[in-house]
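Residue-level structural notes
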Amino acid sequence: MEKRVVFDGKLLPYALLMPQLLITIIFFYWPAAQAVWQSFFIQDAFGLTMQFVWFENYSVLFANPDYYRSMVTTLVFSCLVTFFSLSIALMFAVQADKHIKAAGAYKTFLMWPYAVAPAIAGVLWLFMFQPSLGLVAQAIRALGVDWNPQLNGGHAMTLVVMAATWKQISYNFLFFLAGLQSIPKSVIEAAAIDGARPARRFWTIIFPLLSPTTFFLLVVNIVYVFFDTFGIIDSVTGGGPAQATTTLVYKVFSDGRLGGDLGGSAAQSVILMILVIGLTAIQFRYIERKVQY
Amino acid sequence: MSEVVLDKVRKVYAGGVEAVRGVDIHVPAGAFCVLVGPSGCGKSTLLRMIAGLETITGGECRIGARRVNELEPAERDIAMVFQNYALYPHMSVYDNMAYGLRNRGTPKPEIDERVKEAARILEITPFLDRKPRALSGGQRQRVAMGRAIVRKPQVFLFDEPLSNLDAKLRIQMRVEIKKLQRALAVTSVYVTHDQLEAMTLADVLVVMNKGEVEQTGAPLDIYEKPASTFVASFIGAPPMNLVPVEAGENRPKAEGLTGGLGLAVPPGGAILGVRPEHLMVVTGAVPEDSLGITFPVSAVEAVGAETFVYGPIGGTGQDIIARLPGKALLAPGTPVSVAASAEHLHLFDRQTGKRIGP
Amino acid sequence: MVERQSLFSFLPHVILLIGIFIVAFPVYVAFVASTWDPATISNGQMPLWPGPHLVENYTQTLFQGTAKSSREPVGMMMLNSLIMALTIAIGKIAISIISAFAIVYFRFPFRMAAFWVIFVTLMLPVEVRIYPTYKIVADLGLLDSYLGLTVPLIASATATLLFRQFFMTVPDELVEASKIDGASAMQFFKDTLLPLSITSIAALFVIQFIYGWNQYLWPLLITTRESMGRPDGVADRHGDRRAGHAAAGAGGDPDAAALRQGPGRDREVRQFR
């Protein structure tokens, strides 16, 4: 789609684009290029010399069981958060789409965790589930479960999944609701006349018609889980215990920080970039085409 | 007030599509010229080239004595009324009309005077403080007109300005536009696909097809002597009946046709045209020089003042339409004979569709 | 609608109320905690209703800092966050709207190239290129400055795309009418496009303000009072902080922890650990 009529101007458009392009190149492309560049070097312990090592950083990375573990962690974490936040949000959206009283009020209340920072979301949940003084933690322990996310990796994962899901529900809810409201009522009425009961109507008519929204959210959520949950993990578990909640992104951060292994960290960054580019490419391929029913 | 001259104007788009293929039009100063044609015939492109919104690929466009090909729209001293009005939605009616004058540095008191004058003429004075969204379609249309007339331009350009209005309002606005143009006597170029609008508004009517001018002239001349089958079927509703005929003995020959003596058809055959309104029901014999058509009635549409009668003619499978005055009592299935006098017959070339007689 | 009235018509309300409970409960707990004294909270006996220390806790945290940890008052940090969020939101909108204007309303060499250069940055969240970006900011001497904090986050493919989408929906006839009315490109931008974009700008401002306010990792790295100019140096600091992690949000300073309700304040979080 292009404009039929445009303005003349030789330098003006470049001048208008300049600020955006400058910032983009200095703070996006240059560092990204540096990450690629650095991923081929090993830095000595004092950060004084650099040695060109080709793909050694990568091979070291792929030989490291920790890296695979963090991949598995990321995968588990992504799947759980995406699944729960999408299905819970869909359930709420379907209810809020019904013509019930106070639908608007419900909507407002369900919306606002979107504005809560991930790190804060983490703290809120940590505060409830902290073993010695968290309200919910105490309740769980009273039931006889030895709840301790600070020692038990599974518990820690459960906690970050809950916090991350909680944070994402409102975003998904909004999009699902918009998607539901854009389905023509006549289609649903036609299905009703065709004799489909409500549950059947949902799975055979509404859910398929919602697939573009669902797909869009799927990709958005995966990207969210990859990157935006950094704050949650950092504030709730710090990647622990024993790296049980260290995702790929968290690992880039902690390896670069603790080990000072810039080459290794850069190699991880490059792998992540490739991953994100892949995800985004898929996203736009399908959004441009619009997932069809 | 200036004349508008298009001299062999061409438009070729980047992809190689030739939208306008060498058009010559002369609009005398103060005349109302209507460009009419089906969608995609290049009429809008032509108008936008006059406005300066499209570049002119070849030929020359002159307003007054001035060649305007290279001028910006703002420098051409034109005003335009758009199909969707293109009112600035965030500005009041007053500001919408004043905007162009302000950009030209017109002194404030003069702007005020001109806007109020235009508002008075168009009867939109009570709405000057409103935003366009608070107006009805007809009122928006007037504001769009007002924006054009405050500028006192050399030329008004109209791009299908009535097509967003409902049928009743369209007729009303059509009359008003015509009156206004007469009163202001500003040269106008008006684009429409509606042949009725074209017929009623135009001093100079230009019928376009596939990027070329099919015919130029006064509306009634075009109605009476269409230059091609295209013009014949485009101007007039319902369209002219066009029947392929063979050469007979100094008369056209086809199944279901009688008479037509003196209408010479070339050896290769031709297309015979007769307007539905020129067909009359006959009971007795048809005069030799008139054209008689007999066909079985397949459908009758009575609309009160007149009746449309449809039926297949000969072996062509084509329907013929007769537009009969009043209420014609015809039952579907019964045959009917109609006739048109010699002066109402048209003959077109079978290959090119150009008029060959009479 | 095609729903019949049935005995189950209360079901949507029940489900949505559960939803609101899930969404609100963590925040409510934090609020309740913010009204009790540290002792009540740390012995794990905090009740589910507000206590008597509300005003005291908030004034202390906002304006005085907490005595135990000699921490800065949160009020100051909120001001910092506000400046940062405002700069980012306004900056993003300003540079994105003019670049979208250039891309949509002009034809010039490398137009699509420029579009793609901006577009691809969607795929490079700050997290994946964190250390190299940090290094560049350090090299430019922008550590510990509002400039370093905000400028790298100001480029926005999202906002540019949104404005581009919006400009595409602005009728062509408005440009044409403006041209005929004798408006220049920048006059059209100022007189017509900008007023029409107000709703988009407002919506985007909210989103970008939240984005700026919620920044976590980037301020964590950039604001290092004892700046060493090396990422691992900064990182060491974080390492130290993390030592007390086990007690996060709890043993350390329940009041401060309790205060983290409502919109986020990233830097406090790391402060309180």
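Report on the accompanying structure. Bear in mind that the values here come from a model prediction, so they are computed numbers and not experimental data.

A short note on the overall build of chain C
Each helix and strand counted, chain C has 15 helices and 0 strands in total. When each of the 273 residues of chain C is scored for burial, the buried share is 58%. Nonlocal contacts in chain C, meaning residues at least 24 apart in sequence, comprise 70% of its contacts between residues at least 6 apart. Surface accessibility of chain C: about 10,900 Å² in total, with carbon and sulfur atoms responsible for 69%.

With respect to the pairing of strand S7 (residues 155-159) of chain B
For a regular strand, side-chain orientation follows a simple rule: the groups alternate between the two sheet faces. All names here are of chain B. Counting buried positions along S7 yields 5 of 5 residues, so the element is predominantly enclosed. Both faces of S7 are covered, namely the face carrying Val 155, Leu 157 and Asp 159 and the face carrying Phe 156 and Phe 158. Relative to S7, strand S6 (residues 78-81) is paired through 4 bridges, and the arrangement is parallel. Note on S7: the bridge partner recorded for Met 80 is Leu 157. In this sheet, strand S8 (residues 187-192) lies alongside S7 in parallel orientation, the contact comprising 5 bridges.

Points about the packing of helix H2 (residues 56-63) of chain A against helix H3 (residues 65-97) of chain A
Residue and element names in this part refer to chain A. In contact at an axis separation of 5 Å, H2 and H3 are set at 70 degrees when each is read in the N-to-C sense. Put simply, H2 runs roughly perpendicular to H3. Across from Leu 61, Phe 62 and Ala 63 in H2, the residues of H3 making contact are Pro 65, Tyr 67, Tyr 68 and Met 71. In the contact of H2 with H3, the residues fall into 7 nonpolar, no polar and no charged.

Some details on the interface of chain C and chain A
In this assembly, 107 residues from chain C lie in contact with 94 residues from chain A. Of the roughly 9,200 Å² buried where chain C meets chain A, counting both sides, 74% is carbon and sulfur surface. Between chain C and chain A we count 0 salt bridges in total. On the surface where chain C and chain A come into contact, there are 10 residue pairs in polar contact (both at pLDDT 80 or more). With 16 residues, helix H1 (residues 11-33) of chain C is the single largest residue contributor to the side of chain C that touches chain A. For the side of chain C that touches chain A, the per-class residue count stands at 72 nonpolar, 18 polar and 17 charged.

Let's talk about the sheet that holds strand S20 (residues 335-340) of chain B
All names here are of chain B. Pairing in this open sheet of 4 strands is antiparallel, and the strands run S13-S16-S20-S15 from one edge to the other. Across the chains shown, the open sheet's two edge strands, defined by having one partner strand only, are strand S13 (257-259) and strand S15 (280-281). As defined by bridge partners, S15 adjoins S20 across 2 bridges and the pair is classed as antiparallel. Looking at the pairing, Met 280 lines up with Ala 339 of S20.

Quick notes on unusual backbone geometry
Between B:Ala237 and B:Pro238 the backbone carries a cis peptide bond, its omega angle lying at -5 degrees. Mapped onto the secondary structure, B:Pro238 falls in the loop between helix H8 (229-234) and strand S11 (241-247). Backbone geometry at B:Glu123 places phi at a positive 60 degrees, although glycine is not the residue there. Accessibility expressed as a relative area gives 60% for B:Glu123, which makes it exposed. Its identity as a non-glycine residue notwithstanding, C:Asp144 has a phi of 60 degrees, on the positive side. Its place among the elements puts C:Asp144 in the loop between helix H6 (130-139) and helix H7 (146-154).

Some points on the packing of aromatic side chains
Evaluation of the coordinates by the stated rule reveals 34 aromatic pairs over all chains. Geometrically, the ring pair formed by A:Phe7 and C:Phe188 is tilted, given 5.4 Å between the ring centres and 40 degrees between the ring planes. With one member in each of two chains, A:Phe7 in the segment before helix H1 (12-38) and C:Phe188 in helix H10 (residues 185-196) form a pair that bridges those chains. Take A:Phe7: its relative accessible area is 6%, and that puts it in the buried class. With centroids separated by 4.9 Å and ring planes inclined at 40 degrees, the aromatic side chains of A:Tyr171 and A:Phe175 adopt a geometry described as tilted.

Concerning helix H4 (residues 103-111) of chain A
Residues A:Ala103, A:Tyr106 and A:Leu110 constitute the buried set of H4(A). Take H4(A) and look down its axis: the buried residues cluster within an arc of 60 degrees, on one side only. Where H4(A) is buried, its residues contact H3 and helix H7 (153-181) of chain A together with H1 of chain C.

Regarding the side chain of B:Glu197
Residue and element names in this part refer to chain B. With respect to the helices and strands, the residue Glu 197 is situated in helix H6 (residues 195-201). The buried charged residue Glu 197 lacks any salt bridge, with Arg 170 as its nearest oppositely charged partner at 5.0 Å. Those residues in contact with Glu 197 that lie beyond four places of it in its chain are Leu 162, Arg 170, Arg 174, Tyr 190 and Thr 192.

Quick word on the sheet that holds strand S18 (residues 306-313) of chain B
Residue and element names in this part refer to chain B. An order of S17-S18-S19 is seen for the 3 strands of this open sheet, with the pairing classed as antiparallel. The open sheet has two free edges, formed respectively by strand S17 (299-302) and strand S19 (318-325), since each of these has just one partner strand. Neighbour-to-neighbour, the strand axes of this sheet turn through a mean angle of 20 degrees, independent of strand direction. Direction of pairing for S17 relative to S18: antiparallel, over a ladder of 4 bridges. Bridging across to S18, Ala 299 finds its partner in Tyr 310.

Let's talk about the pairing of strand S2 (residues 18-27) of chain B
Residues and elements named next belong to chain B. Sheet analysis places strand S1 (residues 4-12) next to S2, joined by 7 bridges and oriented antiparallel. What sits directly across from Leu 6, in S2, is Ile 25. Between S1 and S2, which pair antiparallel and follow one another directly, the connecting turn spans 5 residues, one of which, Gly 16, has a positive phi of 95 degrees.

What to know about the nonpolar core
Formed by 112 residues in total, the largest nonpolar core has its most connected members in A:Phe77, A:Trp125, A:Trp166, A:Phe173, A:Phe176 and A:Phe253. It is H7(A) that provides the largest number of residues to this core, a total of 12 residues. Grouped together as the second largest cluster of nonpolar side chains are 75 residues, B:Val20, B:Val23, B:Ala51 and C:Ala102 included.

Cut-offs applied
Residues numbered from 1 in each chain as written. Chains lettered and ligands numbered in written order. Predicted model: local features only at pLDDT ≥ 70, side-chain atom pairs only at ≥ 80, totals over all residues. Heavy atoms only, no water. Helix = DSSP H or I, 4+ residues; strand = E, 2+ residues; numbered from the N terminus. Buried < 20%, exposed > 50% of the residue type's maximum accessible area, 1.4 Å probe, protein only. Contact = heavy atoms within 4.5 Å. Areas by Shrake-Rupley, 256 points an atom, 1.4 Å probe, with all protein chains shown as cover. Pairing = 2+ DSSP bridges. Axes fitted to C-alpha atoms, helices over the stretch in contact; angles between N-to-C directions. Parallel < 35°, antiparallel > 145°, perpendicular 65-115°, else oblique. Nonpolar A, V, L, I, M, F, W, Y, C, P; charged D, E, K, R; others polar. Buried area = accessible area lost by both parts, 1.4 Å probe. Salt bridge = Lys/Arg side-chain N within 4 Å of Asp/Glu carboxyl O. Polar contact = N/O pair within 3.5 Å; in protein donor to acceptor, adjacent residues only side chain to side chain. Phe/Tyr/Trp six-rings, centres within 6.5 Å; stacked < 30°, edge-to-face > 60°. Arc of directions from axis to C-beta. Lys, Arg positive; Asp, Glu negative; His and termini not counted. Core = buried A, V, L, I, M, F, W, Y, C linked by side-chain atoms within 4.5 Å.

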